[in-house]
Amino acid sequence: MTMKRLFKYNWLLVTALAVLGCEPFEEEKPGLGDSPDASQMIVDVDNSDPYNPVFSYSPDFEYHKIIWDLGRGVVVEDQEEVTDYFGFESNYEIKITVLTQGGQATKVLNHVVSETDPAICENEIYNLLTGGCDAVEGKTWVWASHQPSHFGVGPADGITGPIWYAAGAYDQEGNGLYDDEMTFTLDAQYSFALNNNGDTFVNVGELGGFPGKDGNEYDSDPTLPYTPPTEVSWAVERGEGENQGKTYLKLSNGGFLSYWESSDTYEILSISEDELYVMGAGSGNGWYYRFVPKSSVKERAEGTINITPEADANTFSFSADVIANDAVVQGEYRWDFGNGESAEGNIVTATYQAKGEYTVTLTIPTDLGDVSVTANVTIEENHPDYIPSVEMVFQDFDGTDIVPFSLEDDSGLGSLTKVANPDQSSPNYSAMVGEYVKDENSGQYTNAFAVLPSKLNMTEVSTFKMQVRGKKGTKVELKLQNTAMGGDMWATQAVVAYEIQEDDTWEEAEFDFTNAVVWTWGPNEPSDASNIKDYDKIVIQFGGEDVAPNNNPGTYYFDNLRGPSF
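What counts and what doesn't
Residues numbered from 1 in each chain as written. Predicted model: local features only at pLDDT ≥ 70, side-chain atom pairs only at ≥ 80, totals over all residues. Heavy atoms only, no water. Helix = DSSP H or I, 4+ residues; strand = E, 2+ residues; numbered from the N terminus. Buried < 20%, exposed > 50% of the residue type's maximum accessible area, 1.4 Å probe, protein only. Contact = heavy atoms within 4.5 Å. Areas by Shrake-Rupley, 256 points an atom, 1.4 Å probe, with all protein chains shown as cover. 1 Å grid on protein atoms, 1.4 Å probe; cavity = no way out; pocket = protein on both sides within 12 Å on 5 of 7 lines; lining within 4 Å. Points joined across faces, edges and corners; volume = space filled by probe spheres on them. Disulfide = S-S within 2.5 Å. Pairing = 2+ DSSP bridges. Axes fitted to C-alpha atoms, helices over the stretch in contact; angles between N-to-C directions. Nonpolar A, V, L, I, M, F, W, Y, C, P; charged D, E, K, R; others polar. pLDDT = per-residue confidence, 0-100. Salt bridge = Lys/Arg side-chain N within 4 Å of Asp/Glu carboxyl O. Polar contact = N/O pair within 3.5 Å; in protein donor to acceptor, adjacent residues only side chain to side chain. Core = buried A, V, L, I, M, F, W, Y, C linked by side-chain atoms within 4.5 Å.

Visitor: Which residues make up the overall build of the protein, and what values go with them?
Guide: Assigned secondary structure in the protein consists of one helix and 38 strands. In the protein, which comprises 566 residues, the share counted as buried stands at 44%. A sequence separation of at least 24 residues applies to 61% of the contacts in the protein between residues at least 6 apart. Summed over all atoms, the accessible surface of the protein reaches about 28000 Å², with 46% contributed by carbon and sulfur.

Visitor: Which residues make up empty space enclosed by the protein, and what values do they have?
Guide: To find leftover empty space, one rolls a probe the size of a water molecule over the atoms. Inspection of every chain in the model, using the stated rule, returns one cavity of 30 Å³ or more. Quantified by volume, the largest cavity comes out at close to 40 Å³. Lining the largest cavity we find F192, A193, L194, P228, P229, V232, G254, G255 and F256. Element by element, the count of residues in the lining of the largest cavity is highest for strand β13 (residues 191-195), at three residues.

Visitor: Go over the state of the cysteines with me, naming the residues and quoting the values.
Guide: When the sulfur atoms of two cysteines share a covalent bond, that bond is a disulfide. Under the defined criterion, the tally for this structure stands at one disulfide. Shown here is the disulfide that connects C121 with C133, its sulfur atoms set 2.0 Å apart. Because the sign of the S-S torsion sets the handedness, a value of about -95° for the bond joining C121 and C133 places this disulfide among the left-handed ones. Pair noted here: C121 is in the loop between β8 (103-113) and α1 (124-130) and C133 is in the loop between α1 and β9 (139-143), with a separation of 12 residues, a long-range link. By relative accessible area, C133 is classed as partly exposed at 23%.

Visitor: Let's hear about the sheet that holds strand β6 (residues 81-83): which residues, and what values?
Guide: By way of backbone hydrogen bonds, the strands of a sheet pair with one another, either parallel or antiparallel. Ordered in space as β2-β3-β6, the three strands form an open sheet in which the pairing is antiparallel. Each edge of the open sheet is held by one strand with a lone partner, namely β2 (44-46) and β6. Along the sheet, successive strands turn relative to each other by an average axial angle of 20°, direction set aside. For strand β3 (residues 54-56) and β6, the ladder comprises three bridges, and the chain directions are antiparallel. Across the sheet, the residue bridging to V54 is T83, located in β6.

Visitor: Any details on the pairing of strand β12 (residues 181-184)? Residues and values, ideally.
Guide: Examined bridge by bridge, β9 and β12 share three bridges and lie antiparallel to one another. Pairing of W141 across the sheet is with M182, part of β12. Once β12 ends, the chain turns through six residues before running back antiparallel as β13, passing Y190 with a positive phi of about 50°.

Visitor: An account of the layout of surface pockets is needed here, citing residue identities and associated values.
Guide: Of the voids in this model, the second largest pocket is the one considered here, and its volume is about 490 Å³. In terms of lining, the second largest pocket is formed by 24 residues, of which the most central are S145, Y170, V297, K298 and R300. Breaking the lining of the second largest pocket down by element, the ones donating at least two residues are β9 and β27 (371-379). Within the lining of the second largest pocket, the residues separate by chemical class into nine nonpolar, six polar and nine charged.

Visitor: Describe the confidence of the model for the protein, listing the residues and the values that go with them.
Guide: Per-chain confidence: the protein averages 84 in pLDDT, with 87% of residues scoring 70 or above. When the elements of the protein are averaged for pLDDT, strand β1 (residues 7-12) gives the smallest value, 30, and β12 the largest, 98. The model gives residues 1-32 a pLDDT under 50, and that stretch makes 66 contacts with residues more than four places away or in other chains. Taken together, the stretch residues 521-527 has pLDDT below 50 and engages in 17 contacts with residues farther than four places along the chain or on a different chain.

Visitor: I'd like a description of the pattern of salt bridges, backed by residues and values.
Guide: All chains considered together, the criterion is met by 13 salt bridges. A salt bridge links K455 to D536; its shortest N-O distance comes to 3.1 Å. Of this pair, K455 sits in the loop between β32 (447-451) and β33 (463-469) while D536 sits in the loop between β36 (507-512) and β37 (537-542), and the two are 81 residues apart along the sequence. Owing to a relative accessible area of 31%, K455 belongs among the partly exposed residues under this scheme. Here D536 falls in the buried class, since its relative accessible area comes to 8%.

Visitor: Break down the side chain of S462 for me, citing the residues and quoting the values.
Guide: Here S462 lies in the loop between β32 and β33. At 2.9 Å, the side chain of S462 and the side chain of T514 are in polar contact.

Visitor: So what about the nonpolar core? Which residues, and what values?
Guide: Of all hydrophobic cores here, the largest spans 60 residues; its most connected members are F184, W234 and L257. Each residue touching W234, except ones within four places of it in the same chain, is listed here: Y126, L129, T130, F184, T185, L186, Y190, S191, F192, L249, K250 and L251. Residues L456, V476, I540 and Y556 belong to the second largest nonpolar core, which totals 30 residues.

Visitor: Lay out the sheet that holds β37 in plain terms, naming residues and giving numbers.
Guide: Strand order in this open sheet of five strands is β29-β32-β37-β34-β35, and the pairing throughout is antiparallel. Every interior strand has two partners, whereas the edge strands, β29 (406-408) and β35 (494-499), have only one. Within the sheet, the average angular offset between the axes of one strand and its neighbour, ignoring direction, is 25°. Both β32 and β37 contribute to a ladder of four bridges, which runs antiparallel. If you follow A450 over to β37, its bridge partner there is I538.

Visitor: I'd love a proper account of the side chain of T183, names of residues and values included.
Guide: Tracing the backbone shows T183 in strand β12. One polar contact links T183 to T140, side chain to side chain, over a distance of 2.7 Å. Residues within four places of T183 in sequence aside, it is in contact with E137, G138, K139, T140, S191, F192 and A193.

The structure is reproduced here in C-alpha cells:
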C-alpha cells in the first residue's frame, strides 16, 4: 500500500554557545578546541517510513558527545543516527546537542506529524493499558487491595512470585498506598500521572535514593510527604538478549508506580481489561504489584459506633450505624470492648470495672473484607464492685519506677534507654517508653533485668503483662530467677515466651507462669513456677538466646510491666 506523506518539517534553529576561555578560529571546520556552531549542524532525515523517521548527523569536526532528545523522555547518546516511532498527530520537538572541548551547541528541529497512524490505536497492550485512543482522559489504575498478593516481594525472576511476603486483603491500609491513582493516556506524549494524594510509601532500604527523603532514619518503610514529578511519559519495550520474550513498562523523568523501591522499569507479567500485574526489581528484589481499573473498584462498608450510658455503674450499650455501599454484610458485628471482653450482635452492652480509657473496636464482616471502626470510652471511677488484683506496676517509664531496669550485654554494643514513645496509640499511650537496642554483635545472653527488693509472691497472681513493640515473629522471653543462686541463677529459672504478632505495633504481651516449669538443673525439682517463693529477679530478653548472625538484632520497645507483688 502506498502511504501518504504525513510529515512537514519546520526547522527552528536554537544555538547555545558556551565558550570556555578560548579565541575562535577563522577556519571553515572547527577543531577540538573550538566552540561548535549550530549553523554548521546539518541533520539528514530519512522519511521513507513516515512514522519511523531516521535522523542522521555526522559532524565534520572532532567532538566529545552527541545527545539526542527525541521527546517523551527518550534520550539517546553517542549515536550519529537515531530513530523512534512518532505515531500521533502532533508537533514534536527534536533536539540534538553536540559537545566539544570548546563548548556546545544545540539544534532544535520542529517535526510535525499531520495525521495519526491508525495502527497505534489497534495496539493491544496500549489499549489495555490506557483505554485506547478514544479514552481522552486515559485509564486509571489503583491497587487491587481487596485481593490477596496484590503487593509483595520475592525473587526478581518474574516467575516465582512474592514468596517472601504477600500482602493479604487490605494489609497495607494506612500506609499511603491504597489512595494512589495511576493514569496512563494514549496521546502524543504517552502521558503518565501518579496522584498519590500527598504522600508516598517508601522502601526503607531504598530511602537514600528517594527524592522526597526528609533526612530522618527509619526502622521500617515510612510514608512520607511527596509531590510526584510531572511530564512523565510511559513506554512499552520488548526485552532483548537474555530478556527476549519479556515485555517492560518504562516510566521517564523519575516516574514510578505508587510504591518507591527505586524502579522506573517494570516487567509486565500479565495485562487484561481488568488487571495489570507487574514486577519491579528495585534493590535487586522482585516487587510484585497487582492493579485494577479504578472504575471497577467497589466501595467498602463504613460505620460509626454509638455509645449510650446505662443506669448501672460503668455500663454502656453499643450500637452501630453502618453504610454498606457496594459491600454485603456477612454475619454478626463483632465487638472488642478493650477490657478483655468481647461480644457479637447489633446492640451489645459492657460493664467496666477499673477506671481508665478503653478503645472499643467494632468489626463489620463483609464480602469485601472486614471493616474495623474504633471509639474510646473513658471510665472516671472504679466500679463499686471492683476488687483490684494483687498486682503491681514495676516500670512504666512515665514515672513509676519501682524497680529500675539495666542492660546486660557483654559486648557493650547494645543499649537500654528511656525515650519518647514512637507511636502513642492503643494499647500504649505513654509519653515515654523503654528502648532496647540489640546489636548484631551483641552477646548471646543480652537482656534487660531488674533485681527486686524482696521475693515475688505468686500465690494469687502469677501472670505478668507488658506492652512490647518490634519485629513480627521475634520471641520475647520473660525469665524469673533467684539471685541467691549466684552465677547459677539460670539453673532454676522459669521462662515464658511471647511472640510479637505485628511489625512495629504496640501489643499487650502476657506471660502466665501458672503452668511454667522451672529448669531441671540445680537443687529445685521441676514444679509449677507459681509455687516457688524464691524469685527476686526479672529478666526480659528480646530475640532469644543465640549468637550472631541469628541473635535477632534490632530496636525493640517495652513499657508498663505489671505482675505479682512482693
